Amino acid sequence: MQTTDLNLIRLGDGYVPDLLVIDADVAREARRTGARYLLPPQIDLAVEVTFPSNAANDREPDLLGQKPTKWDGYASTGIPYYLLVDRDPRTPRTTLYARPDVHAGTYEVLTTWKFGETVHLPEPFGLDIPTDEWEPWDR
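Nothing here was measured: the structure is a model prediction, and the numbers come from that model.

Caption draft 1: Representation of a negative patch on the surface within the structure. Taken together, Asp-132, Glu-133, Glu-135 and Asp-138 make up a surface patch of like negative charges. Among the secondary structure elements, Glu-133 is positioned in the segment after strand 10 (127-129).

The following block contains the structure:
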């Protein structure tokens, strides 16, 4: 699903991820009920793609005390997987995070791919995503 509000009740916040991967039954029920937002337990994978204006908000916080980001927000609410497509021209890469620690608001890095390499999402996704034509943002 794309452009769907994600209600992060535990944080008292909400995000609009670039892409959400959800179970087909969850999608059918959301359509049937006209749901305006989804909740973290309904989400299998959140995907964010960075742009110059939002990159810091999508990444893991750099400094202790930095304002919360989507990375720690998703982890704090238990979303099992977070895929970050970072288009920064200095280090264009895709990173798959998993095993969220809801108390610390952190993820473990599962794998990182450079642009041009094939992203191999593990089960339950079992999906390969070619990135040959992905490009960093303009400098």
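Caption draft 2: Structural detail: the environment of Thr-94. Within the secondary structure layout, Thr-94 lies in strand 7 (residues 93-101). Since its relative accessible area comes to 1%, Thr-94 is described here as buried. What Thr-94 contacts, discounting residues up to four positions off in sequence, is Leu-83, Leu-84, Val-85, Thr-111, Thr-112, Trp-113, Phe-115, Val-119 and Trp-134.

Caption draft 3: Spatial organisation of the packing of aromatic side chains. The final tally for this structure, using the stated rule, is eight aromatic pairs. Ring geometry for Phe-115 versus Trp-134: centroids 5.7 Å apart, planes at 80°, classification edge-to-face. A residue pair is termed long-range when its members are at least 10 positions apart, and Phe-115 in the loop between strand 8 (106-114) and strand 9 (119-121) and Trp-134 in the segment after strand 10 qualify at 19 residues. For Phe-115, a relative accessible area of 16% corresponds to the buried category. For Trp-134, a relative accessible area of 30% gives the class partly exposed. Through a chain of ring-to-ring contacts, the aromatic side chains of Trp-71, Tyr-74, Tyr-82, Tyr-97 and Tyr-107 assemble into a single cluster.

Caption draft 4: Broad picture of the sheet that holds strand 6 (residues 81-86). Strands sit in the order 3-5-6-7-8 across an open sheet of five strands; the sheet is mixed. Taken across any chain shown, the strands that pair with only one partner, and hence form the sheet edges, are strand 3 (19-22) and strand 8. Strand-to-strand twist of the sheet, defined as the mean angle between neighbouring strand axes without regard to direction, takes the value 20°. Sheet analysis places strand 7 next to strand 8, joined by seven bridges and oriented antiparallel. Considered in strand 8, the bridge of Arg-93 is made with Lys-114.

Caption draft 5: Layout of helix 1 (residues 24-33). All of the buried residues along helix 1 are Val-26, Ala-27 and Ala-30. For helix 1, the buried positions fall inside an angular range of 100° around the axis, keeping them on one side. Structurally, helix 1 contributes buried residues whose contacts are with strand 3 and strand 4 (37-38). One side-chain oxygen of the residue at the start of helix 1 lies 2.8 Å from the amide nitrogen of Asp-25, identifying that residue as Asp-23. Of the residues flanking the end of helix 1, it is Gly-34, one or two places downstream, whose phi is positive at about 70°.

Caption draft 6: Highlighting the confidence of the model for the protein. Residues of the protein with pLDDT of at least 70 account for 88%, and the chain-wide mean is 88. Ranking the elements of the protein by mean pLDDT puts strand 1 (residues 5-8) last, at 62, and strand 6 first, at 98.

Caption draft 7: Representation of the nonpolar core within the structure. Grouped together as the largest cluster of nonpolar side chains are 17 residues, with contacts concentrated most on Ile-22, Leu-38, Tyr-74, Tyr-82 and Tyr-107. Listed by contribution, the elements that provide at least two residues to this core are strand 3, helix 1, strand 5 (43-49), helix 3 (70-76) and strand 6. The contact partners of Tyr-82, leaving out residues within four places of it in the chain, are Leu-45, Ala-46, Glu-48, Asp-58, Lys-70, Trp-71, Tyr-74, Thr-95, Leu-96, Tyr-97 and Tyr-107. If you look at the next biggest cluster of nonpolar residues, it comprises ten residues, including Val-47, Ala-98, Leu-121 and Phe-125.

What counts, and where the lines are drawn
Residues numbered from 1 in each chain as written. Predicted model: local features only at pLDDT ≥ 70, side-chain atom pairs only at ≥ 80, totals over all residues. Heavy atoms only, no water. Patch = residues over 30% accessible without salt bridge, like charges linked within 9 Å, V, L, I, M, F, W, Y side chains within 5 Å. Areas by Shrake-Rupley, 256 points an atom, 1.4 Å probe, with all protein chains shown as cover. Salt bridge = Lys/Arg side-chain N within 4 Å of Asp/Glu carboxyl O. Lys, Arg positive; Asp, Glu negative; His and termini not counted. Charge placed at Lys NZ, Arg CZ, Asp CG, Glu CD. Helix = DSSP H or I, 4+ residues; strand = E, 2+ residues; numbered from the N terminus. Buried < 20%, exposed > 50% of the residue type's maximum accessible area, 1.4 Å probe, protein only. Contact = heavy atoms within 4.5 Å. Phe/Tyr/Trp six-rings, centres within 6.5 Å; stacked < 30°, edge-to-face > 60°. Pairing = 2+ DSSP bridges. Axes fitted to C-alpha atoms, helices over the stretch in contact; angles between N-to-C directions. Arc of directions from axis to C-beta. Polar contact = N/O pair within 3.5 Å; in protein donor to acceptor, adjacent residues only side chain to side chain. pLDDT = per-residue confidence, 0-100. Core = buried A, V, L, I, M, F, W, Y, C linked by side-chain atoms within 4.5 Å.

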